[in-house]
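Close look at the chain arrangement
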Amino acid sequence: MQRTARLTLLLVALLAIAAVLWWQFGRPRGPHNLVLYGNIDLRQVDLAFNDSERVAAVLVQEGDHVRAGQLLARLDTSRLEPQVARAQAQVAAQQQALLRLQRGNRPEEIAEARANVEAAAADAANALAQYQRLQSLAERSSGRAVSRQDLDAAKQAADATQARLTQNQKALALQQIGPRREDIAQAEAQLRADQADLALAQQNLANAQLRAPLDTVVRARLTEPGNMSSPQQPAFTLAIIDPKWVRAYVDESDLGRIREGLCARVSVDSFPTRSFEGWVGYISPLAEFTPKNVETTQLRSSLVYEVHVFVKDPQDQLRLGMPATVQVLESDKSSPMDAPEPAAAGSSAASSQTRRCASDAHEH
């Protein structure tokens, strides 16, 4: 009786050992059983104001979904608006100065210069005639009727009026020629400088409004109305919800079974009845020791390669750091050329990749 019991126990033990061995080595293994473990990862943006100024209003809260270009916060603009107005006035004044040079002198100014020439010519002719009369009288009277001093004064008056005539003639020529090209070029350069100052003032005013750079979720609100902004102090931390990926690690022995473009299924404990379609988008070219926060069936000291498995989450259900299980679908239909670049994960190429991965997964 005891011998029978011992044989029974021995048989049960052998069956148990056989079952364990079969489970480890003998059970069927298909081409789709590569399983990786990791965590949900996404990109984040630390958004800050460009200038140091008093914060006037903060318009969003943590958890808000914001669209690209949406206003998140604004600064006090009481000092920025007068700077823009002053720059606009300077540009307007310089535009008029340049326009005056480009149009040249007015006909009335040329007519005035011509009249000055005619008046100077009349004075010169009169002074010359007076001198000639005195000189003739002095010659006839042998110098007794006209003193030498009066004759010299008449000569000087004639020379002075002739000089004024020449001066007015030159002034008329300048009026007719118009402004110098160098003066016009200088005015144009000054206008460009004033326009640059205006553009800078307008940009500073626009920077007083902090807008979302793309579609994101507000992860942290780091400023409040009344605080002083700073380019070195972020006002918000934004989480980019598309693309998302699972940061996982693959053992060196399994590296030949995975490549960019392979389709994958991602599952998390929070949603046990569903999975998310994805694809392998990146495999690190460098080996590293297994990070301490990664749990695999291999030894901690073994070398692994970082893998990014991009996943589509249109309803934004996956959270940063959430543990995830990735089942890589080793389909021959997948190829690295089919996989979209990570930067285009939110584009139509990513959508077609997801549909193709879903189709391959259904077939297998």
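No experiment lies behind these values; they were computed from the predicted model shown.

What counts, and at which threshold
- Residues numbered from 1 in each chain as written.
- Predicted model: local features only at pLDDT ≥ 70, side-chain atom pairs only at ≥ 80, totals over all residues.
- Heavy atoms only, no water.
- Salt bridge = Lys/Arg side-chain N within 4 Å of Asp/Glu carboxyl O.
- Helix = DSSP H or I, 4+ residues; strand = E, 2+ residues; numbered from the N terminus.
- Buried < 20%, exposed > 50% of the residue type's maximum accessible area, 1.4 Å probe, protein only.
- Expected span 1.5 Å × (residues − 1).
- Contact = heavy atoms within 4.5 Å.
- Axes fitted to C-alpha atoms, helices over the stretch in contact; angles between N-to-C directions.
- Parallel < 35°, antiparallel > 145°, perpendicular 65-115°, else oblique.
- Left-handed = near helix turned anticlockwise from the far one by under 90°.
- Nonpolar A, V, L, I, M, F, W, Y, C, P; charged D, E, K, R; others polar.
- Polar contact = N/O pair within 3.5 Å; in protein donor to acceptor, adjacent residues only side chain to side chain.
- Patch = residues over 30% accessible without salt bridge, like charges linked within 9 Å, V, L, I, M, F, W, Y side chains within 5 Å.
- Areas by Shrake-Rupley, 256 points an atom, 1.4 Å probe, with all protein chains shown as cover.
- Pairing = 2+ DSSP bridges.
- pLDDT = per-residue confidence, 0-100.

**What to know about the pattern of salt bridges**
If charged atoms from side chains of opposite charge come close, those side chains can pair. Within this structure, the stated rule accounts for 13 salt bridges. Between D41 and R247 there is a salt bridge, and its shortest N-O distance comes to 2.2 Å. You can see D41 sitting in strand β1 (residues 34-47) and its partner R247 sitting in strand β7 (residues 236-251), a full 206 residues away along the chain. The exposure class assigned to D41 is buried, which follows from its relative accessible area of 14%. On the basis of relative accessibility, which here comes to 28%, the residue R247 falls in the partly exposed class.

**Considering helix α4 (residues 148-177)**
Structural remark: α-helix, 3.6 residues per turn; residues separated by three or four positions point the same way. With 30 residues, α4 should cover 44 Å at 1.5 Å per step; its first-to-last C-alpha distance of 44 Å lies within 8% of that length. Residues of α4 that are buried include every one of L151, A154, A158, T161, L165 and L172, and no others. Next to the buried residues of α4 lie α3 (107-140). Of the residues trailing α4, G178 is marked for its positive phi of about 95°.

**Points about the packing of α3 against α4**
At their nearest, the axes of α3 and α4 sit 8 Å apart, and the two run at 160° to each other. Put simply, α3 runs roughly antiparallel to α4. Pair α3 / α4 crosses with left-handed handedness. For the contact of α3 with α4, the residue count by class is 16 nonpolar, eight polar and six charged.

**Description of the environment of R247**
Between the C-alpha atom of R247 and that of G321, which follows or precedes it by 74 residues, the distance is 9.4 Å. Once you skip the residues sitting within four places of it in the chain, R247 turns out to touch Y37, G38, N39, D41, E306, V307 and H308. Reaching out from R247, the side chain makes a polar contact with the side chain of E306 at a distance of 2.4 Å.

**Re the packing of helix α2 (residues 80-103) against helix α5 (residues 181-207)**
Two quantities define a packed helix pair, namely the angle between the axes and the distance from one axis to the other. Relative orientation of the contacting elements α2 and α5 amounts to 160°, with a least axis distance of 9 Å. Classified by the angle their axes make, α2 and α5 are roughly antiparallel. Crossing of α2 against α5: the hand is left-handed. Class assignment for the residues of the contact of α2 with α5 results in twelve nonpolar, ten polar and five charged.

**Structural notes on a nonpolar patch on the surface**
On the surface, a nonpolar cluster with roughly 300 Å² of combined accessible area is contributed by L10, L14 and I17. By secondary structure assignment, the location of L14 is in helix α1 (residues 2-26).

**Some words on the pairing of β7**
For β7, the buried fraction is high: 13 of the 16 residues fall into the buried class. Sheet topology note: the β1/β7 ladder contains nine bridges and is antiparallel. The residue bridging D41 from the neighbouring strand is W245, located in β7. Across four bridges, strand β6 (residues 216-221) lies against β7 in antiparallel orientation.

**Remarks on the side chain of R221**
Note that R221 resides in strand β6. Side chain to side chain, R221 and Q61 meet in a polar contact 3.3 Å long. With residues near it in sequence (within four places) discarded, R221 still touches V58, V60, Q61, E62, A235 and F236.

**A closer look at the confidence of the model for the protein**
For the protein, the mean per-residue pLDDT works out to 80, and 80% of the residues sit at or above 70. The least confident element of the protein is helix α6 (residues 348-363), whose mean pLDDT is 47; the most confident is strand β4 (residues 71-75), at 96. Confidence over residues 332-351 falls short of pLDDT 50; this stretch has 41 contacts with residues more than four positions distant or in other chains. Here residues 358-364 is modelled with pLDDT under 50, and outside its nearest four sequence neighbours on either side it reaches eleven contacts, counting other chains as well.

**Things to note about α5**
Across its 27 residues, α5 extends 39 Å between first and last C-alpha, which sits within 8% of the 39 Å expected from 1.5 Å per residue. On its buried side, α5 packs onto α2 and β5 (209-211).

**Examining the sheet that holds β4**
Reading across the sheet, the three strands line up as β2-β4-β5 and stay open at both edges, with antiparallel pairing between neighbours. Looking at the sheet topology across the chains shown, the edges are occupied by β2 (55-58) and β5. Taking each pair of neighbouring strands and ignoring which way they run, the sheet shows an average axis angle of 20°. Of the strand pairs in this sheet, β4 and β5 are connected by three bridges, and their pairing is antiparallel. Bridged to R74 within β5 is Q209.

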